[in-house]
Amino acid sequence: MSTLKEKNPKDIKKNSKENKAGLEKLGYDDWFETESNKYIKDDFSIARVVEANKNNYKVSDGSHDVFAELSGKFLFTIVDSIDYPTVGDWVVVQFFDDYSMAIIHHILTRKSLLKRKDPGKAVEFQLIAANIDYAFIMQAVDSNFNLNRLERYFVMINESKIQPIVILSKTDLVSEDELIEINDRIKRFDDKYLFLPISSITDDGIETLKKELESNKTYCLLGSSGVGKTTLLNKLLGEHRFDIKEVREKDSKGKHTTVRRQLTRLELGSIIIDTPGMRELGNFAIDNGLNETFDEIVSFSCQCRFKDCTHTHEEGCAVKEAVENGLIDEDRYDNFLKIQKESEYYQMSYLEKQNKDKTFGKMLKNYKKSIRKK
Ligand SMILES: Nc1nc2c(ncn2[C@@H]2O[C@H](COP(=O)(O)OP(=O)(O)OP(=O)(O)O)[C@@H](O)[C@H]2O)c(=O)[nH]1
Ligand SMILES: [Mg+2]
Ligand SMILES: [Zn+2]
């Protein structure tokens, strides 16, 4: 591919602020407008990342969907996985050759960022999506419904200060009685969480869900493979735009049909990000998310005798006492400890790795200095 320098300046498109209406359709607002003023030059435009692949991106200004790469200068400033753009990001770009390609120069400050522990690597964040207003956690009621996993999602989403909404899909596959039983089990959660039962086959609950959707807000679909995320998106689009596949018969698991995270605008005015099914939901550095998800546990912990109480073996632990007296749900308590312990473990490994990287950086600097002296 040719480099920036070889481009004729005349090819560079003028500032896309002329196209503000197009950007607003993708969720652009005054807040991002103020952010963008820090960067804007004549030939810089604003666009949203609508697709994130391994080595490139697709960005959109509301009128053109264009493949994009990172500028060399941008690449040079990256130190961590969270510095890369992700789907949903607002970016400062230059369009070239009649919108046939774009170069990304900056990411505008994110309003929110959804991330988890990278399942492939030891300790690194994997970005799921940025600038999300609401996260739809989808669980299929016939085979995928699991309260502990739901709490894990809440922790991740609350950490990012995003509003979670639970979608219980495939209600056509269970009986009335089973639905009532599920309804009883979700009483374990605070009333502030919204649960929407739906079926994409019978359309049960679809109208109610549509009424929840706000214009120009961004929603992210999350959940295991095969629960019906893409099917719901197609339903909301009113057409079969994205691929879906049957789940495996023996265990109802999906086949990881959606392979990239992509952003789509609905006629209804909302913006939806579909994501590939997630197997692992590890996280670290999740103080706020944990406290908000398990707020009843946190409120009892203020009365523990020791300030650094781990709520496991200490004398005078108010949390354990509340569990024994039935004031805290035992399953929630167990899940809280498990997620907290796991997060602390990853956090320690993460800090260790950062320290190692720093030491290595210093070594390299000293080595370069010594070479120069010679
Ligand atoms: N019975 C029933 N089947 C459904 C429903 N929604 C989706 N399905 C089926 O479930 C299967 C998986 O649906 P997808 O939409 O591909 O699932 P997904 O969550 O996008 O999966 P990944 O892309 O792999 O993460 C397909 O065969 C759908 O037809 C539903 O409400 N009821
Ligand atoms: Mg899918
Ligand atoms: Zn305690």
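Because the structure is a prediction, the values reported are computed rather than measured.

(A) Representation of the overall build of the protein chain. Tallying secondary structure elements over the protein chain gives eleven helices and 13 strands in all. When the backbone C-alpha atoms are referred to their principal axes, the protein chain occupies close to 75 × 65 × 40 Å. Counting all 374 residues of the protein chain, 35% fall into the buried class. In the protein chain, once contacts between residues fewer than 6 apart in sequence are set aside, the share between residues at least 24 apart is 69%.

(B) View of the domain arrangement of the protein chain. Partitioning the protein chain into domains gives domain 1 (4-107), domain 2 (113-274) and domain 3 (287-369). Taken over C-alpha atoms, the centre of domain 2 sits 27 Å from the centre of domain 3. With 13 residues of domain 2 in contact, the opposing surface of domain 3 contributes 14 residues. In terms of residue count, the dominant contributor to the side of domain 2 that touches domain 3 is helix α4 (residues 147-159) (nine residues). Grouping the amino acids of the side of domain 2 that touches domain 3 by side-chain chemistry returns six nonpolar, two polar and five charged.

(C) Region of the structure containing the site of ligand 1. Residues in contact with ligand 1 amount to 25 residues; listed here are only the nearest, Ser225, Gly228, Ile244, Thr258 and Gly277. The leading source of residues in the shell around ligand 1 is helix α7 (residues 229-237), at three residues. Counted by class, the shell around ligand 1 contains six nonpolar, 14 polar and five charged residues.

(D) Just the environment of asparagine 37, in detail. You can see asparagine 37 is positioned in the loop between α2 (30-36) and β1 (45-52). Residue classification places asparagine 37 among the exposed positions, given that 9 C-beta atoms sit within 10 Å. Residues asparagine 37 and leucine 108, 71 residues apart in the sequence, show an inter-C-alpha distance of 10.0 Å.

(E) Here's a closer look at the environment of leucine 337. Relative to the assigned elements, leucine 337 resides in helix α11 (residues 330-373). We classify leucine 337 as partly exposed; it has 16 C-beta atoms within 10 Å.

(F) Highlighting the environment of proline 119. Mapped onto the elements, proline 119 comes out in the loop between β6 (113-117) and β7 (125-130). Overall, the presence of 11 C-beta atoms within 10 Å leaves proline 119 in the exposed class. C-alpha of proline 119 to C-alpha of arginine 279: the two residues are 160 residues apart in sequence and 8.6 Å apart in space. Setting aside chain neighbours within four positions, we find proline 119 in contact with Arg279 and Glu280.

(G) Region of interest: the pairing of strand β4 (residues 90-96). For β4, the tally of buried residues reaches seven of seven residues, placing the bulk of the element in the interior. Residues Trp90, Val92, Gln94 and Phe96 point to one face of β4 and Val91, Val93 and Phe95 to the other, with burial holding for every one of them. Two elements, β1 and β4, share four bridges in a ladder whose sense is antiparallel. Within β4, the residue paired with isoleucine 46 across the bridge is valine 92.

(H) Representation of the nonpolar core. Core analysis: the biggest nonpolar cluster contains 76 residues, and Val59, Val91, Val93, Ala102, Leu114 and Cys220 have the highest contact counts within it. Those residues in contact with leucine 114 that lie beyond four places of it in its chain are Ile128, Ala129, Ile132, Ala135, Met156, Ile157, Ser160, Ile162 and Cys220.

Calculation rules
Residues numbered from 1 in each chain as written. Chains lettered and ligands numbered in written order. Predicted model: local features only at pLDDT ≥ 70, side-chain atom pairs only at ≥ 80, totals over all residues. Helix = DSSP H or I, 4+ residues; strand = E, 2+ residues; numbered from the N terminus. Buried ≥ 20, exposed ≤ 12 C-beta atoms within 10 Å, placed from the backbone. Contact = placed C-beta atoms within 7 Å. Domains from an automatic or database assignment. Nonpolar A, V, L, I, M, F, W, Y, C, P; charged D, E, K, R; others polar. Near = placed C-beta within 6 Å. Pairing = 2+ DSSP bridges. Core = buried A, V, L, I, M, F, W, Y, C linked by C-beta atoms within 7 Å.

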